[in-house]
Amino acid sequence: MAGAGRGAEEGEDVVTGVSERSLFVMPAPASLPLAPSPLQQPGKSMPPDVSAPPGVPAVRAASRLRREFGRASWPRLRNGVARAAELELDRGIAFLLVPVFLACGSIAYFSLAAEPGFAKPVAVAILMALCALVSRSWPKTHLCFMAALLCALGMLAGKVETWRAGTRMLGSEISTQVTGRVVSVDQMETGRIRLTIDVTSTARPKLRYAPERVRLSARKVPAEVTAGSLVTGYARLLPPTGPVRPDSYDFSFDSYFAGIGASGFFLGNSKIVSADDRPLLAGLSAAIESARETIADHIRGSIGGAEGEIAAALIVGVRAGIPDEINEAMRRTGIYHIISISGLHMALVAGTVMGLLRGGFALFPNFSSRRPVKKYAAAAALFSIAAYLVISGVVVAAERSFIMLAVMLIAVLFDRAALTMRNLAISAIAVIVVSPHEVVGPSFQMSFAATAALVGAYAGWSDRKADKARTPPPQRTLPGLLTRKLLLATGGLAMTSIIAGSATALFAIWHFQRVSPLSLFANLAVMPIVSVVMFLAVASALLMPFGFDGPSLYLMGKGLTAMIAISGWISQRSPVDAVGLISQQSVLLVAIALVIATMATTWLRLAALPFALAGLLTVSDTRTPDVLISEDARLVALPIGGGELAINRARPNEFTVDNWKRALKSETIVAPELFGSGDGQFDIFDPAQLPAGAPFYCFTGLCMARHPSGAIIAQVEDRKDAWRACAYADLIVINDPGGYDPCHNPLVLVITKRQLARKGSAAVFFDQQSATAPAQVSFAVDRPYRPWHEQRKFSREARGLPPYRKPEKPTAEPAQ
């Protein structure tokens, strides 16, 4: 933040800026003058070496100069680093690094191969605390132990959250009568209804280890069903799925910490049963959810169409009904962050409320001059964003933004200055302490990366302006003034998009394998519309209780129509956004560079450059899988060249295939060619007919394809037919829970359904150098299991059993 300085004399036209960071500058001791080099001391000269050949004295002199320069510069560099580090500590960087080390501890905990007990993290935290207490007399050692203590506390926070969640996860598919209380009702884009239900009982059969909360979809539900209703129905329950490929997003992890123990669908119509008494907290939660549903239905009815769904998402955070094509267009153009309630929405809501109240108070000058109207407006803005947080569903991005804005508004209430980066650190600490698992998710990483980059860039720009003397701007005409304001606003939006996009690019590629090449143009075109739309959203929320929200909702719908049209137009002209896999170390290196660049305020921020460069150079330091296999052994895919991805199913899972396409940088799906049992055009026993890069050819119970490297892949439905592929296949996938390795050949890799049920999806790598080397496989889930994977060992497939089927009732024999 920069403020206006005061000249040396009254009436001086020169205005200087004062940086807020200068308040933390401590006077640095003057550096000692360096001793002059012997080569430079007056009165002394080096005698010429008469015995040396021509040119040798100059070389020796240059060598001595390099040695003397090294002796003189190394102490100077060391002293400069020490002074800069001391200045960083004086400016408060130690507090800014608290969430960084907490996050490192949380990431370390969730990356462990086995689940630790409580004793180890507690013991490590106590030991580091004692070491930090003892080492207070040695500042550098004390700082190191404090960093280790924060990492230990981050690990302990992760362990506590895992223990606190304790979600019961369904182990295997089963059909049962589910009775429970509705937590939320979501209208899907497909027309189906999705219910989140707290299970109270199960029957036919009664589950001994029933999940406490499930998420079920239905074609229709009774119109009276709302949050808090008690419903029952016969449903098919499915266990939470794991990653669709190794190193991808783990849905079991997300379900565990969301409390969802199973998902599925109703096999028939659900019905409402008589309600009973419910706890106070459950009733309060149901009342809030019912209010969200009511508001969302009112918005959909007033605006209608996709615009109504997006308006409901912006106001109450309900996004399930947005059409898939619009979601995809926004993702391709890089403006999907508009749909997710985050700092942009919170800031617009707080700014709108505060601006309206300040303007209203200005109409009463007598009152405004005697009362702290700024504090009144700040208190009202704090209440408004708190209500917005609750009504929007308390998502991570909104939670972070609320904490950050709340700190700023509370600072206004107590006449204190709030440092922006400190607000971000406080919000990060709060999120990590409450929900440490969010640290490994894309929402936390991208949200804080973008915000830290923007805050750091703004602070650097403010410091640069504060160091320069500025003269009052010249008088401009009204058109000139408007043009300048427009150019400044456009430049600000462009820089905001560039900074935030650059900070989050690698995180987006790591999690989603995609980038948005035209996001800058899309954000420049859409953000002015979004600002107006959010103003209308605030006005609609204020006028809705009185029934006067119709005009504002109508205008909001028109603005969203323009936004949808712009995103669709740019999406059609956007190049392919799939960029494939990147290495994990590149993301870690860029994250370190981002921390240094955004938190350092001295020349030490230059230390971010080698980390950023190393991260960019190691982006491609990863190997793309040659074959991907789903965890149910039903779907197998391999790239066959030319941007084509061959699969063995004519109707595959769309989400899985879409993820595989982006990871393998494929554009086209090649469906299998099916042959009947009497078709003589295909001989399954002659693999030589398959050229390199051939897609899947499927016979009854068997599909075969050939990788461009020449390796043959076979997918078999029945374990009894697997032995036939041993003679020619390099990889055999057996979709039979009772399957085993019939080949007993170390050169043939056999993956069974039982293995995949236990270890999750698989990625296979062929040796490109040697045709006789066996293929290597990597599974998505490691053993021993973490708590969010414990249910895998209880599935029927993991135990080598076929899926459960309800026994048929015996038919009565006819009377003789």
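Residue positions are given per chain, counted from 1 along the sequence in the order it is written. Owing to the predicted nature of the model, reporting of local features is limited to residues with pLDDT of at least 70; listing and counting of side-chain atom pairs is limited to 80 or more, with chain, interface and lining totals taken over all residues. The side-chain quantities take in all heavy atoms of the structure and omit both hydrogens and water.

Undergrad: Quick question: what am I supposed to make of the overall build of the protein chain here?
TA: What the protein chain contains, in helices and strands, is 22 helices and 21 strands. For the protein chain, buried positions account for 43% of its 816 residues. Note on contacts: a residue pair is in contact if any heavy atoms of the two residues lie within 4.5 Å. Pairs at least 24 apart in sequence give 66% of the contacts found in the protein chain among residues at least 6 apart. Working definition of accessibility: Shrake-Rupley area with a 1.4 Å probe, residue cover restricted to the visible protein chains. When the accessible area of the protein chain is evaluated, it comes to approximately 43200 Å², of which 62% is carbon and sulfur surface. A helix here means a DSSP run of H or I that spans at least four residues, while a strand means a run of E at least two residues long, and both kinds are numbered starting from the N terminus. Remark: exposure states derive from per-residue accessible area (1.4 Å probe, protein chains only) relative to the maximum for the residue type, with buried under 20%, exposed over 50%, and partly exposed in between.

Undergrad: Where do I start with a negative patch on the surface in this structure?
TA: A patch consists of residues exposed above 30% relative accessible area that lack any salt bridge, with like charges linked at up to 9 Å and nonpolar side chains (Val, Leu, Ile, Met, Phe, Trp, Tyr) linked at up to 5 Å. Just to be clear on terms, a salt bridge is a Lys or Arg side-chain nitrogen sitting within 4 Å of an Asp or Glu carboxyl oxygen. When charges are tallied, Lys and Arg are placed among the positive residues and Asp and Glu among the negative ones, while His and the ends of the chain are skipped. Each charge is placed at NZ for Lys, CZ for Arg, CG for Asp and CD for Glu. A cluster of like negative charges, contributed by Glu189, Asp324, Glu325 and Glu654, occupies part of the molecular surface. Position of glutamate 325 among the secondary structure elements: in helix H9 (residues 324-333). Residue glutamate 325 is classed as exposed on the basis of its relative accessible area, which comes to 56%.

Undergrad: Before we go on, may I ask you to explain the packing of aromatic side chains in this structure?
TA: Two descriptors summarise a pair of aromatic rings, namely the distance from one centre to the other and the angle between the planes of the rings. When the centres of two rings from Phe, Tyr and Trp lie within 6.5 Å, Trp using its six-membered ring, the rings pair. Their planes under 30 degrees apart give stacked, over 60 give edge-to-face, and anything left gives tilted. In this structure the tally under the stated criterion is 16 aromatic pairs. Where phenylalanine 253 meets tryptophan 788, the ring centres are 5.0 Å apart and the plane angle is 90 degrees; that geometry is what we call edge-to-face. Placement of the pair is phenylalanine 253 in helix H6 (residues 251-258) and tryptophan 788 in the segment after strand E21 (776-779), with a sequence separation of 535 residues. Residues phenylalanine 253 and tryptophan 788 agree in their burial class; the two are buried. An aromatic cluster of three or more residues is present, and its members are Tyr109, Phe110, Phe253, Tyr256, Phe257 and Trp788. Arginine 168 extends its terminal NZ or CZ atom over the ring of tyrosine 209, reaching a point 5.4 Å from the ring centre. Our definition puts a charge over a ring when NZ of Lys or CZ of Arg is within 6 Å of the ring centre and also within 35 degrees of the ring normal.

Undergrad: How do you make sense of the pattern of salt bridges when you look at a structure like this?
TA: Under the definition given, this model contains 17 salt bridges. Between glutamate 115 and lysine 159 there is a salt bridge, with its nearest N and O atoms 3.0 Å apart. Here lysine 159 lies in helix H5 (residues 139-165) and glutamate 115 lies in the loop between helix H3 (98-110) and helix H4 (119-134), a separation of 44 residues in the sequence. On the accessibility criterion, lysine 159 (10% relative accessible area) is buried. Across the pair aspartate 186 and arginine 194 runs a salt bridge whose closest N-O atoms are separated by 3.2 Å.

Undergrad: Quick question: what am I supposed to make of the side chain of serine 552 here?
TA: Within the secondary structure, serine 552 is located in helix H18 (residues 550-572). Sequence-distant contacts of serine 552, that is, excluding residues within four places in its chain, are made with Leu536, Ala539 and Ser540.

Undergrad: Please clarify how unusual backbone geometry should be interpreted in this entry.
TA: Following arginine 204, the chain continues into proline 205 via a peptide bond in cis, with omega recorded as -5 degrees. Along the chain, the position of proline 205 falls in the loop between strand E4 (193-203) and strand E5 (213-218). With an omega dihedral of 5 degrees, the bond running from arginine 783 to proline 784 counts as a cis peptide bond. Summarising the element assignment, proline 784 is placed in the segment after E21.

Undergrad: Is there a simple way to think about the sheet that holds strand E15 (residues 697-699) in this case?
TA: By way of backbone hydrogen bonds, the strands of a sheet pair with one another, either parallel or antiparallel. In this scheme, strands are said to pair when DSSP sees at least two bridges between them. With mixed pairing, 6 strands are arranged side by side in an open sheet as E14-E15-E16-E17-E18-E19. Each edge of the open sheet carries a strand with a single partner, namely strand E14 (673-674) and strand E19 (749-752). Inspection of the sheet shows strand E16 (residues 702-706) paired to strand E17 (residues 712-716) by 5 bridges, in the antiparallel sense. Paired with methionine 704 across the bridge in E17 is alanine 714.

Undergrad: Help me out: how do you make sense of the state of the cysteines in this one?
TA: In protein chemistry, a disulfide is the covalent bond that joins the sulfur atoms of two cysteines. Any pair of cysteine sulfurs within 2.5 Å is marked as a disulfide. Inspection of the entire model under this criterion finds 2 disulfides. Covalent S-S linkage joins cysteine 726 and cysteine 743, the inter-sulfur distance amounting to 2.0 Å. Disulfide cysteine 726 to cysteine 743: torsion about the S-S bond roughly -80 degrees, handedness left-handed. Of the two residues, cysteine 726 is situated in the loop between E17 and strand E18 (731-734) and cysteine 743 in the loop between E18 and E19; the sequence distance between them amounts to 17 residues. Ordinal numbering of bonded cysteines along the protein chain defines a disulfide pattern of 1-2, 3-4.

Undergrad: It is not clear to me how the environment of isoleucine 126 should be interpreted in this structure. Could you clarify?
TA: As for its position among the elements, isoleucine 126 is in helix H4. Given the relative accessible area of 49%, isoleucine 126 is considered partly exposed.

Undergrad: So what exactly am I meant to see when it comes to the pairing of strand E12 (residues 644-647) here?
TA: Consecutive side chains along a regular strand alternate between the two faces of the sheet. For strand E11 (residues 636-641) and E12, the ladder comprises 4 bridges, and the chain directions are antiparallel. Bridge assignment links leucine 638 to a residue of E12, and that residue is alanine 646. Linkage of E11 to E12, two consecutive antiparallel strands, is achieved through a turn of 2 residues, within which glycine 642 is found at a positive phi near 70 degrees. In this sheet, strand E13 (residues 668-670) lies alongside E12 in parallel orientation, the contact comprising 3 bridges. Paired with leucine 645 across the two strands is isoleucine 669, which belongs to E13.

Undergrad: Would you explain the packing of helix H8 (residues 305-316) against H18 in this entry?
TA: Two measures define how a pair of helices packs: the angle their axes make with one another and the distance between the axes. Fitting a line to C-alpha atoms yields each axis, with helices limited to the stretch in contact; the angle taken between N-to-C directions then spans 0 to 180 degrees. At a minimum axis separation of 9 Å, H8 and H18 run at an interaxial angle of 105 degrees. By the criterion of interaxial angle, the relationship of H8 to H18 is roughly perpendicular. The segment H8 lies against H18, with Ala306, Glu307, Ile310, Ala311, Leu314 and Ile315 engaging Met556, Gly557, Leu560, Thr561, Met563 and Ile564. Gly is placed with the polar residues, together with every amino acid not listed as nonpolar (Ala, Val, Leu, Ile, Met, Phe, Trp, Tyr, Cys and Pro) or charged (Asp, Glu, Lys and Arg). Partitioned by chemical class, the residues of the contact of H8 with H18 number 9 nonpolar, 2 polar and 1 charged. In what follows, roughly perpendicular refers to angles from 65 to 115 degrees, roughly parallel to angles under 35, roughly antiparallel to angles over 145, and oblique to any angle outside these ranges.

Undergrad: So what exactly am I meant to see when it comes to a nonpolar patch on the surface here?
TA: A cluster of nonpolar side chains, Phe118, Val122, Ile126, Leu130, Leu133, Val134, Trp138 and Trp163, forms an exposed patch at the surface whose accessible area comes to about 850 Å². Here the nonpolar patch takes 5 residues from H4, the largest share from any one element. By the secondary structure assignment, valine 122 is in helix H4.

Undergrad: In this structure, what is going on with the environment of tyrosine 256? I would like to understand it.
TA: Structurally, tyrosine 256 is set in helix H6. Note: C-alpha distance between tyrosine 256 and glycine 166 (90 residues apart in sequence) is 7.7 Å. Apart from residues lying up to four places away in sequence, tyrosine 256 is in contact with Thr162, Ala165, Gly166, Thr167, Met169, Pro787 and Trp788. Here threonine 162 takes part through its backbone oxygen, which lies 2.9 Å from a polar atom of the side chain of tyrosine 256. Pairing of N or O atoms within 3.5 Å defines a polar contact, subject to two protein rules: one partner must be a possible hydrogen donor and the other a possible acceptor, and residues neighboring in sequence count only if both atoms are side-chain atoms.

Undergrad: I tried to follow the sheet that holds E12 on my own but got confused; where do I start?
TA: Read across the sheet, 6 strands follow the order E13-E12-E11-E10-E20-E21 without closing on themselves; strand pairing throughout is mixed. With one partner strand each, in any of the chains shown, E13 and E21 form the two edges of the open sheet. When the angles between neighbouring strand axes are averaged without regard to direction, this sheet yields 25 degrees.

Undergrad: What is the right way to read the confidence of the model for the protein chain from this model?
TA: Caution applies to low-pLDDT regions: their predicted coordinates should not be interpreted in detail. With 86% of its residues at a pLDDT of 70 or more, the protein chain shows a mean pLDDT of 84. Note: pLDDT gives the predictor's confidence per residue, expressed from 0 to 100. Note that pLDDT drops below 50 for residues 678-685; the model gives that stretch 11 contacts with residues more than four away or on any other chain. Segment residues 809-816 is flagged for pLDDT under 50; beyond a separation of four residues in sequence, or across chains, it makes 0 contacts in the model.

Undergrad: Which parts of the structure should I look at to understand the nonpolar core?
TA: Proteins that are soluble and globular tend to have nonpolar side chains buried together. The set of buried Ala, Val, Leu, Ile, Met, Phe, Trp, Tyr and Cys residues whose side-chain atoms join them within 4.5 Å is what this entry labels a nonpolar core. Counting residues in hydrophobic clusters, the biggest one holds 74 residues, and the most contacted among them are Ile310, Ile385 and Met556. The leading source of residues in this core is helix H17 (residues 519-543), at 9 residues. When near neighbours in sequence (up to four residues on either side) are disregarded, isoleucine 385 contacts Met346, Val349, Ala350, Phe402, Leu405, Ala406 and Leu409.

Undergrad: Explain helix H16 (residues 478-512) here, please?
TA: Owing to its 3.6 residues per turn, the α-helix aligns residues three or four sequence positions apart on the same side. How far a helix is expected to stretch is found by multiplying one less than its residue total by 1.5 Å. With 35 residues, H16 extends 47 Å between its outermost C-alpha atoms, agreeing within 8% with the 51 Å of an ideal straight helix rising 1.5 Å per residue. Given a residue, its bend is the angle between the two axes fitted to the seven residues that end at it and to the seven that start from it. Along H16, the sharpest change in direction is near 45 degrees and occurs at threonine 504. Among all positions in H16, only Ala494, Ser497, Ala500, Ala503, Thr504, Leu506, Phe507, Ala508, Ile509 and His511 are buried. Phi turns positive one or two residues past the end of H16, at glutamine 513, with a value near 55 degrees.

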